[in-house]
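Now for the letters of each chain:
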Amino acid sequence: MIDPLIASTKLSSSGLEAQSARLRVISENVANAQSTGRTPGSDPYARKTITFRSELDRALGASSVAVKEVGTDDAPFPVEYDPGNPAADENGMVKKPNVNMLIEMADMREANRSYQANLQMMKQARALISATIDLMRG
């Protein structure tokens, strides 16, 4: 059987990795929120999504989290009249990315808080391990 303190650090580590990947996807969406196509009528940047899966870690005897896939959002692209844009079609309409900044900011805040919670859990486990070592010395 694995030490519960070691197991908790491994579980929080998987949470840190998952939330870090989520923050990278959100950052990419925010960075490309205004990226239109390069040619007339072409599709713009499509919002990326991330999904997670629960993985059973037999050594820990617990489920951890892992990235299942990074996909694209199939929501329709909003269209805007901008005849001067290089991506405008013959009617002057330009497809804009399907990135909603309000949703991205809310997702970023949630991912950041989850990351912080996992980090705090790891810090607590380390403190408990250090306290245990100190007790064993004294």
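On a predicted model such as this, the values are computed, not experimentally measured, just so you know.

Colleague: Is there a simple way to explain the pattern of salt bridges in this structure?
Modeller: As a working rule, side chains carrying opposite charge can pair if their charged atoms are close by. Applying the stated criterion to the full structure yields nine salt bridges. With a closest N to O distance of 3.2 Å, Asp-73 and Arg-47 form a salt bridge. Pair noted here: Asp-73 is in the loop between β2 (62–72) and β3 (79–81) and Arg-47 is in the loop between α1 (4–31) and β1 (48–57), with a separation of 26 residues, a long-range link. A relative accessible area of 22% means that Asp-73 is categorised as partly exposed. As a salt-bridge pair, Arg-47 and Asp-107 come within 3.4 Å of each other at their nearest N and O atoms. You can see Arg-47 sitting in the loop between α1 and β1 and its partner Asp-107 sitting in helix α2 (residues 101–137), a full 60 residues away along the chain. Judged by relative accessible area, which is 13%, Arg-47 ranks as buried.

Colleague: Could you clarify how one ought to interpret α2 in this entry?
Modeller: Side chains three or four residues apart in an α-helix point the same way, a direct result of the helix having 3.6 residues per turn. When the terminal C-alpha atoms of α2 are compared, their 53 Å separation across 37 residues agrees well with the 54 Å that a helix rising 1.5 Å per residue should span. Within the span of α2, buried status applies to Glu-104, Ala-111, Asn-118, Met-122 and Ala-125. Looking at the buried side of α2, the elements it contacts are α1. Backbone nitrogen of Leu-102 and a side-chain oxygen of the N-cap are separated by 2.9 Å at the start of α2; the cap is Asn-100.

Quick notes on the rules
Residues numbered from 1 in each chain as written. Predicted model: local features only at pLDDT ≥ 70, side-chain atom pairs only at ≥ 80, totals over all residues. Heavy atoms only, no water. Salt bridge = Lys/Arg side-chain N within 4 Å of Asp/Glu carboxyl O. Helix = DSSP H or I, 4+ residues; strand = E, 2+ residues; numbered from the N terminus. Buried < 20%, exposed > 50% of the residue type's maximum accessible area, 1.4 Å probe, protein only. Expected span 1.5 Å × (residues − 1). Contact = heavy atoms within 4.5 Å. Polar contact = N/O pair within 3.5 Å; in protein donor to acceptor, adjacent residues only side chain to side chain.

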